[in-house]
Amino acid sequence: MASLNYARYGKDNIRVYKVQRNPDNTQDVTEMTVCTLLEGDIAESWTKSDNKNIVATDTQKQTVYVTAKLHPVNPPELFASILADHFLTQYNHIHVAHITVTVHKWTRMQVDGKPHPHSFLRDGEEKRVVEAVGRRNQGISIRSSIKGLLVLKSTGSQFWGFHRDEYTRLPEVWDRILSTEVEAGWNWRRFSGLDEVKKEVAAFEPAAEAAKKITLETFAKENSPSVQNTMYLMAEQILAAVPRVEDVEYSLPNKHYFEVDMSWFKGLKNTGEDAEVYAPQSDPNGLIQCTVSRKGASPKL
Ligand SMILES: O=c1[nH]c(=O)c2[nH]c(=O)[nH]c2[nH]1
């Protein structure tokens, strides 16, 4: 006999845009993609063809639009929590609501040396992604993150002293290119409910700014001995900067740039210290990940 072990369902890729018209004639815009996934007493839709407890995914989408109209959409941690709380409050048979909000970049244009009141540009594919999980009687868990922040440094990175055996071909290097697309996430200590999220609302934006600043400054300033060490330094500083954050996760692809040996062409020197032209590699890439918690927290291994 089969049994349904786990089920959730909802609407993904709900695109929403909201404009805020300010009294000074400027406007602010927010564009998001939202995913809602619900758990609860819903199994009979799968096992008995009984849909009476199914809040249609279309209803979930309409709820996102209405909530965006009636409530603030910023910071995304608040908007995601309002949605999670709504699904639990509105539907007794829904026990868990997973809400993911991805915020797309619209940066205000500078025109004639001044911030333009209502024109924006996409100056990078970096996203802010927030996942809020509301569980009935267990509060709201929030994970905030930045994704898609593409960075490169042309020197100030090394990789040597690594394990060598008969499978090793990689030479040690004391000067290399380092490039990665940053995914950095931070988990907040659980909130007792929407009221506590509202009470702490001022913490979310500065945390995202601090995470980005720490990531960029550490990347630029450290003479990196490895992606591993660099990401650990970043995570440590985010923990120090944001007291309510319990752990920080990094996932960094190591995007390789290979030297091109041109000695076959009239003895051209383009390796080691003479390297100027490189071949960027799309794949494979290294992938280095970690979770850094406060001392005393039990390891997630
Ligand atoms: O920073 C690095 N960490 C590694 O684990 C690794 N492995 C590798 O081939 N290059 C690198 N670079």
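Quantities reported herein were computed from a predicted structural model and do not represent experimental measurements. (Residues numbered from 1 in each chain as written. Predicted model: local features only at pLDDT ≥ 70, side-chain atom pairs only at ≥ 80, totals over all residues. Heavy atoms only, no water.)

Enquirer: A description of the UniProt feature "binding site: 5-hydroxyisourate" (unreviewed entry) in the protein chain should follow, citing residues and the corresponding values.
Expert: Annotation from UniProt places "binding site: 5-hydroxyisourate" (unreviewed entry) at T57, F159, R176, V227 and N254. Spatially, the listed residues are scattered: they cover 198 residues, and their C-alpha atoms lie as much as 49.1 Å apart. From this annotated list, the subset lining the largest cavity comprises V227. Along the chain, T57 turns up in helix α2 (residues 57-70). Excluding residues that lie within four positions of it along the chain, T57 makes contacts with Y9, G10 and K11. A polar contact of 2.9 Å, which involves the side chain of T57, links it to the side chain of K11. Looking at where F159 falls in the secondary structure, it is placed in the loop between β7 (139-153) and β8 (178-188). (UniProt positions renumbered as here; feature names shortened; annotations may be inferred. 1 Å grid on protein atoms, 1.4 Å probe; cavity = no way out; pocket = protein on both sides within 12 Å on 5 of 7 lines; lining within 4 Å. Helix = DSSP H or I, 4+ residues; strand = E, 2+ residues; numbered from the N terminus. Contact = heavy atoms within 4.5 Å. Polar contact = N/O pair within 3.5 Å; in protein donor to acceptor, adjacent residues only side chain to side chain.)

Enquirer: Which residues make up the pattern of salt bridges, and what values do they have?
Expert: Inspection of the entire model under this criterion finds 17 salt bridges. Here K147 ties to E183 by a salt bridge, and the two come within 4.0 Å at their closest N and O atoms. With K147 in strand β7 and E183 in strand β8, this pair connects stretches of sequence that are 36 residues apart. Classification of E183 by relative accessible area gives partly exposed; the value is 26%. Here the salt bridges share partners, and the residues they tie into one network are E77, R128 and E205. (Salt bridge = Lys/Arg side-chain N within 4 Å of Asp/Glu carboxyl O. Buried < 20%, exposed > 50% of the residue type's maximum accessible area, 1.4 Å probe, protein only.)

Enquirer: Kindly report on the UniProt feature "binding site: urate" (unreviewed entry) in the protein chain, identifying the contributing residues and their values.
Expert: The sites that carry the UniProt feature "binding site: urate" (unreviewed entry) are, in the present numbering, T57, D58, F159, R176, V227, Q228 and N254. Inspection of the secondary structure puts R176 in the loop between β7 and β8. According to the relative accessible area criterion, R176 is buried, its value standing at 17%. A relative accessible area of 41% means that Q228 is categorised as partly exposed.

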